[in-house]
Every structure is written in C-alpha cells, then in structure tokens.
Amino acid sequence: MSTKRKMVITGVNGFLGRSAKEYFEKEYDITGIDLAAKYCGGDDGLSYYQCNMSQEAAELASVFTSVQPDVILHCAGSANVGASVVNPMADLDGNLHSLYQLLLALQSFEKRPEIIFFSSAGIYGNPKELPIKENAAAEPVSPYGLHKFMAEQLCSYYNRIHGYHIRSIRIFSAYGSGLRKQLLWDIYQKYRNTGKIELFGTGNETRDFIHVSDILRAIELILDYEGPEEIFNVANGEEVSIRELAETYAKTLGENPEIVSFNGETKPGDPKNWRADISLLKKIGYEKKMDLAAGIEDYVNWVKNLS
C-alpha cells in the first residue's frame, strides 16, 4: 500500500494541471479530474474522473470520499481573457461555479485538505503603482479578472466560516512548453503562417513572466509554509516589455528582430503594465531558476517539434 500523501488536481488536462501532475507525481498519489473524457497525457495509470465541476457537487463529493485527499490543486477554470469579454457567463461558470461546487462537496468532511486555488494577476487590472503588492486594490478590467477575484472572496469566506485551508495564488504571465494558447503560442503561429510577428498594442506593454517550472516550485513552497497568509503573488518581480519578449523570440527563431511589429490596437480586457512584489514568495524561499531567454528557447524547441 502506498504511503504517499494524496493529491487531487482539477483541470488536469490543462497546461498548469498537466504540468502539476508531472511535477508532483513522485511525491503524491495523484487523482485527476477534468471535463474531458480521458487524460490527454496517455494511459499512465493516473486515477482519472470525468466531471463537469460547475454542476456536480455530489459527484465531486463521491470522488473526495473515495480519495480522501490531503491536497487539492484547483487548476480547473476558464483562462481566456478575450473569451470572458465575449461570453462573461461562460467564464463565470468556469471560474466561480466550479470552485463553489468543489467547496460545497467538501463541506461535510471532517478532514480539511490543503487547497491551492489558481487565481490570476488579472484581478489587479491596471494597478496605480508598481510593483504590485498582494494588498493592492483589486480593480479588474475583464470579466475574467472579476470572476477570479470573486472566487478569491469565496475562498476567504470558506476559510473564515467553515475552517477550510485555502490559499489563492495570483499567477502573473505563465508560460512554458505545453502551452497551446496565449502570447508565445500566438507568436509562433503568426511566424509560421506569415514569416512575420505582428502583435496587438504598442510593444511597450509589460508583463511579469514566470516559467511553469518556477510556478510549480513556488506551489511546493506554499504547501510547506505554515504562516497565516492566504494570498501569494506568483511571479518573478521583473517587468518585461512585450517588444523585448517578441524580439528575443525572433532571435531564438534565427530571425532578425525587425520582423516584429505592433498594430497599436488594444485588446479589450488587457492591462498595460505589470510587475509583482514577490517579497512574500521570497520570504518562504522562492528563487527563479528559469530565465526568460532560456524559457523562450525551451518553448521554441518544443513548438517546432509539433510541426
């Protein structure tokens, strides 16, 4: 019989969920939950349950009764800012209702697992000052950011009223091999189709990029931490312009950075500038291991092999 602790990962077929499964499976017995019919990582013996989390508290309760998890990583949810602007109700369903059903499913359990809720820097919107501290005002500029903030408030309520152990991690601009959407994916698709990289905005917009491997090490540190804080910025505390990232990407492809251009149009829901204050994360031992140039090179090698 296994003596490993037990972890449930919701949204296990997603970029972060799948990466978490691969990272934590040596330390934990993993059970995956997702909307898809099967685990996309292949038949590797993962205990897997198909479940529409936004509707199935009873089914979730049955899974949790069977597994008795020590840790739950709630990665499930919508993760598309643009789609949230077009269809905010679908985003509400994916980001708030699924969490509510999970918390309801655990309410009768005496054992309170540690829960990590995957939130987003999107809750900050356009902050009044940088770097952004965890106690900065939440001023989301998209339904996605709004719903993530509502979900954080739900977590806080369950901690206070029902004795849950939930921490919300505000992930900034996550990237890494396996991510088939968002900026690094879009850059490659544009390059492959046109030989050029034309992006929205001016190029002066900034983000705080963090590689998935660093995100997972941060989660490991947060799980081991016994302090009272419930909210963590998960980033590197570095402000990088979209132009700098795109030009580094072009060089990695072996191209002249002049193939990069910007159309000057702002996409609805996109903030202008981000840089996180990661004092709390550093206090518990976090140090960046993957710098941006190496992370982009790793991503380009991965995405080229898909073609």
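Here we summarise the structure given alongside this text.

Parameters at a glance
- Residues numbered from 1 in each chain as written.
- Predicted model: local features only at pLDDT ≥ 70, side-chain atom pairs only at ≥ 80, totals over all residues.
- Heavy atoms only, no water.
- Buried < 20%, exposed > 50% of the residue type's maximum accessible area, 1.4 Å probe, protein only.
- Helix = DSSP H or I, 4+ residues; strand = E, 2+ residues; numbered from the N terminus.
- Arc of directions from axis to C-beta.
- 1 Å grid on protein atoms, 1.4 Å probe; cavity = no way out; pocket = protein on both sides within 12 Å on 5 of 7 lines; lining within 4 Å.
- Points joined across faces, edges and corners; volume = space filled by probe spheres on them.
- Nonpolar A, V, L, I, M, F, W, Y, C, P; charged D, E, K, R; others polar.
- Salt bridge = Lys/Arg side-chain N within 4 Å of Asp/Glu carboxyl O.
- Core = buried A, V, L, I, M, F, W, Y, C linked by side-chain atoms within 4.5 Å.
- Contact = heavy atoms within 4.5 Å.

1. Remarks on helix α8 (residues 242–252)
For α8, the full list of buried residues reads Ile-242, Leu-245, Ala-246, Tyr-249 and Ala-250. For α8, the angular spread of buried residues about the axis comes to 135°, placing them on one side. Note on α8: the residue one or two positions beyond its end, Gly-254, has a positive phi of about 85°.

2. Brief notes about empty space enclosed by the protein
Taken as a whole and assessed by the stated rule, the structure comprises 1 cavity of 30 Å³ or more. What the largest cavity holds in volume is close to 50 Å³. If you trace the largest cavity, you find it lined by Tyr-175, Asp-208, Phe-209, Asn-236, Glu-238, Val-240, Lys-288, Met-290, Asp-291 and Leu-292. A breakdown of the residues in the lining of the largest cavity according to their chemical character gives 5 nonpolar, 1 polar and 4 charged.

3. Focus on the pattern of salt bridges
Where side chains of opposite charge bring their charged atoms close, a pairing between them can arise. Within this structure, the stated rule accounts for 10 salt bridges. Residue Lys-111 pairs with Asp-70 through a salt bridge whose shortest N-O separation is 3.0 Å. Of this pair, Lys-111 sits in the loop between α4 (88–105) and β5 (114–120) while Asp-70 is found in the loop between α2 (57–67) and β4 (71–74), placing the two residues 41 residues apart along the sequence. Assessed through its relative accessible area of 35%, Lys-111 is described here as partly exposed.

4. Quick look at the nonpolar core
Counting residues in hydrophobic clusters, the biggest one holds 70 residues, and the most contacted among them are Phe-24, Leu-73, Ile-219 and Tyr-249. Ranked by residues supplied to this core, first place goes to helix α7 (residues 212–224) with 7 residues. Not counting residues up to four positions away in its chain, the partners in contact with Ile-219 are Phe-24, Leu-73, Ile-116, Phe-118 and Ile-169. Cys-51, Phe-64, Ala-105 and Ala-151 belong to the second largest nonpolar core, which has 27 residues in total.

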